Each structure stands twice: as C-alpha cells, then as structure tokens.
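# Report on the structure
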Amino acid sequence: MTADGYSREFWERSPEAREHPLADHLTVTRAAHTELPGYNVLIKACANILVDTSGPHVVAHFEGGYHDFTVDILNEPRCPTLVAAETPEGVREGYERSFRQLILSADRLDRKLAVLQTGELMRTVLETEQGTVYSGRIRPGQYVTGSVAAVPNAQVMDERLSGLVTAVRTQLYGLPDEQPGGSPVRTPAEPSKVTVFSRNGTALNGERLEMVKAACDGHLHEDDLQYLAAFSGWKFAYSADLFGAERLSNWFNGMSQDQRRDHYERLGPELGPELAQLRRSIRRLVGGELRRFVLDVQAGAVYVHPTGRSGDFLLGVTMNQAAVLNAENRMRDALDMIRRGFNPLDTDNCHE
C-alpha cells in the first residue's frame with residue numbers, strides 16, 4: 001500500500017477482484033495513461049455493477065474526450081454480441097469507438113437542448129429491439145457509458161448505471177446527487193384538474209387525430225408528464241400541455257408558454273438526423289427498430305417513443321427531475337392507448 005491508501009497493484013489483479021461474482025468472465029481493458037492507483041477506485045465502482053447478466057454487459061469511462069478503461073463480461077456465454085465473428089480485441093475496440101460516438105452525440109444534443117433552459121444533458125438512453133446503450137455525465141467532460149443486449153428489461157441497466165453516476169459524483173467528488181433517471185417514488189395517480197392547452201398541426205386529421213388527442217389529453221399531469229406532442233413523418237401533428245398550471249409558473253419567467261411550445265415543436269423534427277447518425281454509430285452494439293430515446297437533463301427529461309413507421313412518434317416532456325421515471329411510465333400508457341386504436345400509426349392515407 002502507498003501513503004494515499006491505494007495499492008500499486010492493478011485492481012483486476014487484486015484478491016478483491018478475484019472475489020467478484022463473475023471473476024472468471026470479467027475483463028478490464030485500460031488505456032496506457034490509466035496506470036495510476038487512482039483509477040482503481042473508478043474501475044472497482046464500474047465492476048461492482050456487472051454482477052450478473054441482466055445488464056450492463058459493458059461499461060466504459062471517458063474523460064476529456066479520451067477513453068480511460070472498459071470493464072466487461074462479454075466472455076460470459078449468456079452475453080450475446082452482434083459481432084461474434086470478430087476477435088475479442090476487435091469487439092472491444094468496436095465498443096470503444098461506438099461509445100465515443102455516443103458521447104459526441106450527447107454533446108451535440110446538450111447544445112441543442114440549451115435553448116430550453118432546463119439544464120445540462122446528464123443521461124442519454126437509446127433502446128432498440130435488441131438492446132440498449134447509455135451515456136451518463138459525471139462531470140463536464142467525464143462520462144460513463146454502458147450497453148446491454150438481448151435482455152427482457154433494460155431498466156435494470158439504466159438504474160445501475162444511474163446509481164453508478166450518482167455514487168461517483170457524491171462519494172468520490174463530493175458533488176450533489178442530480179437524480180439521473182428520477183426518483184422511484186410515484187407521483188399521485190389521480191387525474192389532473194388543470195385545463196389542457198392544445199395545438200393542432202397538419203400531419204394528421206380525422207379519426208387518427210382524435211385518437212391522438214384523447215391519448216395526449218388524458219395522460220398529462222402537472223406533477224410529471226407536462227407536455228405531449230405527436231409527430232407523423234417528422235411533421236408536427238398535435239400537442240397538449242399543462243403549462244398553465246400554477247406550480248409550473250416559475251418556468252415561464254424568462255420564456256413564455258408559447259415560446260416553450262415552439263421549441264418542442266421544432267425539436268421533434270430536428271432529432272431525426274441526430275437519431276439516424278447515432279443509430280448508425282451504435283449498430284454494432286444494438287440493432288433493430290428504435291423503442292425509446294431519453295434525454296435526461298438537470299430539470300426533467302425529453303422522451304421520444306415511436307408509434308409506427310419511421311418519423312411517427314410521441315415526444316413527451318417533464319420539467320420535474322424527481323418525476324422522470326413516473327413521467328415516462330405515464331407516457332407509455334398514452335402510447336399503449338394509441339397503439340390499441342391503430343397499430344402502426346399509418347399516415348399514408350391519413351389526409352382524407
């Protein structure tokens with residue numbers, strides 16, 4: 001041991017590492033500059049959330065644009081990989097490149113979301129039919145990323161990585177808990193009594209528009225899901241919100257309600273190119289159709305959930321960080337209502 005209390009031994013060679021529940025399958029890949037005892041603490045923290053195959057399967061750490069290390073259990077037979085024909089080294093290099101692109105995308109999206117005045121982007125989640133990728137900001141320029149494939153519920157990975165971000169922030173750096181992913185405490189289930197404000201676009205009409213209206217209007221609550229908009233073919237179709245709620249009034253001191261609505265209407269189509277580029281960069285990790293996309297900022301989150309063909313989706317918003325999980329659950333209920341009414345959201349003949 002050294003004077004600072006850290007062993008000069010790499011953590012992955014220590015007795016503690018050999019006691020890890022998946023020690024026989026745990027692989028740590030370090031960049032050359034990480035040969036310092038301080039990285040042992042971060043590596044141990046990442047390894048401690050890879051305790052079984054429910055996710056994540058891979059965790060990587062980046063700072064200042066540089067890859068520091070990756071911890072994975074890809075050697076575990078129950079962890080599928082889309083690039084099984086490659087060498088193990090090639091697979092891990094592919095993950096590193098894809099994670100780097102995920103962070104670059106998060107940085108671009110952070111700048112795009114700045115106009116909303118709801119804080120920095122601190123958690124990005126993209127889920128497809130075959131897996132999920134995650135990016136979490138610890139401090140400006142410092143990220144942990146993770147991936148899981150072929151598991152029935154991505155929520156386990158999401159919670160573990162968000163817990164990791166919080167633990168590193170609070171225990172290693174003495175920073176406050178930003179509650180990535182929100183709080184598990186559920187908000188009231190009773191219907192909101194606030195009057196819904198709505199806007200109509202031109203992308204849907206007739207029975208389909210009425211179905212969307214019913215789903216959006218009926219699933220809002222001023223405590224969590226405060227805004228819902230439907231887009232068809234990347235064009236704005238309809239929005240409903242509770243921005244008139246008294247408890248939300250502080251959000252409109254420097255930005256009017258109509259300005260915030262305008263920002264979200266523009267954001268929907270602007271996410272198209274970014275999502276396409278992001279999915280190309282991570283397709284070696286998770287393939288299949290998009291299921292959900294989450295942009296978790298310091299004060300709430302923006303959610304994108306597809307409703308049918310490419311370009312058809314719901315965009316949901318909360319400005320309550322504690323309610324990020326609850327708001328998305330409520331949004332899923334609205335999505336289920338739409339899908340029960342017409343699945344998929346077919347807009348080829350919607351302009352009758």
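Just so you know, these numbers come straight off a predicted model, no measurement behind them. Every chain begins its residue count from 1, and numbering advances along the sequence as written. Given that the model is predicted, a residue must reach a pLDDT of at least 70 before its local features are reported, and side-chain atom pairs must reach 80 or more before they are shown or counted; all residues, however, enter totals for whole chains, interfaces and linings. Heavy atoms throughout the structure, all of them, feed into the side-chain values; hydrogens and water do not.

Further remarks concern the overall build of the protein. Secondary structure elements follow DSSP: runs of H or I of four or more residues count as helices, runs of E of two or more count as strands, with numbering from the N terminus. Broken down by element type, the protein carries seven helices and 12 strands. Put simply, the protein has 352 residues, and 53% of those count as buried. Note on contacts: a residue pair qualifies if any of its non-hydrogen atoms lie within 4.5 Å across the two residues. Residue pairs at least 24 apart in sequence account for 68% of intrachain contacts in the protein once pairs closer than 6 positions are excluded. To measure how exposed things are, a 1.4 Å probe is used in the Shrake-Rupley method; for residues, cover is taken only from the protein chains shown. Within the structure as shown, the protein displays about 15500 Å² of accessible surface, and the carbon and sulfur contribution to it stands at 49%. Charged-residue counts in this description rest on Lys and Arg as positive and Asp and Glu as negative, His and the chain ends being excluded. By convention, the charge on Lys lies at NZ, on Arg at CZ, on Asp at CG and on Glu at CD. With 38 positive and 48 negative side-chain charges, the protein shows a separation of 2 Å between the mean positions of the two kinds. Each residue gets one of three labels from its accessible area relative to the maximum for its type: buried under 20%, exposed over 50%, partly exposed in between, using a 1.4 Å probe on protein chains only.

Moving on: the sheet that holds strand β11 (residues 300-306). The pairing criterion is simple: DSSP has to find at least two bridges between the two strands. Sheet architecture is open: 12 strands sit in the order β1-β3-β2-β6-β5-β4-β10-β11-β12-β8-β9-β7, paired in antiparallel fashion. Strands with a single pairing partner mark the edges of an open sheet, and in this sheet they are β1 (27-30) and β7 (197-200). Across the sheet, the axes of successive neighbouring strands diverge by a mean angle of 15 degrees, strand direction being ignored. As defined by bridge partners, β11 adjoins strand β12 (residues 313-318) across six bridges and the pair is classed as antiparallel. The partner of H305 across the bridge, within β12, is L314. Here the axes come from fitting lines to C-alpha atoms, over the contacting stretch only for helices, and the angles between their N-to-C directions go from 0 to 180 degrees.

With respect to the element layout, R137 can be found in strand β5 (residues 131-139). Here E120 takes part through its side chain, which lies 3.2 Å from a polar atom of the side chain of R137. Look past the residues within four positions of R137 in its chain and what remains in contact with it is E120, L121, M122, Q142, Y143, V165, R169, E178 and Q298. Counted as a polar contact is a pair of N or O atoms within 3.5 Å, where, for protein atoms, one must be capable of donating a hydrogen and the other of accepting one, and residues adjacent in sequence contribute only when both atoms are in side chains.

Attention now goes to the packing of helix α3 (residues 88-113) against helix α6 (residues 257-282). One way to put it is that α3 packs onto α6 with a least axis distance of 9 Å and a crossing angle of 170 degrees. Comparing their axes, α6 and α3 come out roughly antiparallel. On α6, the residues that touch S98, Q101, L102, S105, R108, L109, K112 and L113 of α3 are L267, E270, L271, E274, Q277, L278, S281 and I282. Any residue outside Ala, Val, Leu, Ile, Met, Phe, Trp, Tyr, Cys, Pro, Asp, Glu, Lys and Arg is labelled polar, Gly included; the first ten of those are nonpolar and the last four are charged. Among the residues forming the contact of α3 with α6, the class breakdown is seven nonpolar, five polar and four charged. Note on terminology: angles under 35 degrees are roughly parallel, angles over 145 are roughly antiparallel, angles of 65 to 115 are roughly perpendicular, and the others are oblique.

Moving on, we come to the pattern of salt bridges. Opposite charge on two side chains permits pairing when their charged atoms draw close. Salt bridge criterion: a side-chain nitrogen from Lys or Arg within 4 Å of a carboxyl oxygen from Asp or Glu. Within this structure, the stated rule accounts for 27 salt bridges. The partner of R169 in a salt bridge is E178, and the shortest N-O contact between them spans 3.7 Å. There is no split in this pair, since R169 and E178 are both buried. R199 is the partner of D258 in a salt bridge, and the nearest nitrogen-oxygen pair spans 3.4 Å.

Look at helix α7 (residues 324-341): 26 Å from first C-alpha to last across 18 residues, which is about the 26 Å you get at 1.5 Å a residue. If you check which residues of α7 are buried, you get V324, L325, N326, A327, E328, R330, M331, A334, L335 and I338. Multiplying 1.5 Å by the residue count of a helix minus one yields the expected span of that helix.

Let us now look at the packing of aromatic side chains. The criterion for an aromatic pair is that two Phe, Tyr or Trp rings (for Trp, the six-membered ring) have centres within 6.5 Å, with stacked assigned to planes under 30 degrees apart, edge-to-face to planes over 60 apart and tilted to the rest. For the structure shown, the criterion picks out eight aromatic pairs. Here the aromatic rings of F231 and F313 are separated by 4.8 Å at their centres, their planes lie at 10 degrees, and the arrangement is stacked. One end of the pair, F231, is in strand β8 (residues 227-232); the other, F313, is in strand β12, and 82 residues separate them in sequence. Side by side, F231 and F313 carry an identical accessibility label, which is buried. Charge-over-ring contacts are defined here by two conditions on Lys NZ or Arg CZ: a distance within 6 Å of the ring centre and an angle within 35 degrees of the ring normal. Positioned above the aromatic ring of F10 is the side chain of R30, whose terminal nitrogen or guanidinium carbon lies 4.2 Å from the ring centre.

Here we take up the confidence of the model for the protein. The predicted structure's coordinates, where accompanied by low pLDDT, should not be read in detail. The predictor rates its confidence in each residue with pLDDT, a number between 0 and 100. Summing up the model confidence of the protein, the mean pLDDT is 89 and the portion of residues at 70 or higher is 92%. A low-confidence stretch, residues 1-6 stays under pLDDT 50, and its non-local contacts, those more than four residues away or across chains, total six contacts. Between residues 344-352, whose pLDDT stays under 50, and residues either more than four places distant or in other chains, the model counts 25 contacts.

Next up on the list: the environment of R18. Here R18 is to be found in helix α1 (residues 15-18). Given the relative accessible area of 57%, R18 is considered exposed. As a C-alpha pair, R18 and G174 span 156 residues in sequence and 29 Å in three-dimensional space. Ignoring any residue separated from it by four or fewer positions in sequence, one finds R18 in contact with R13 and A23.

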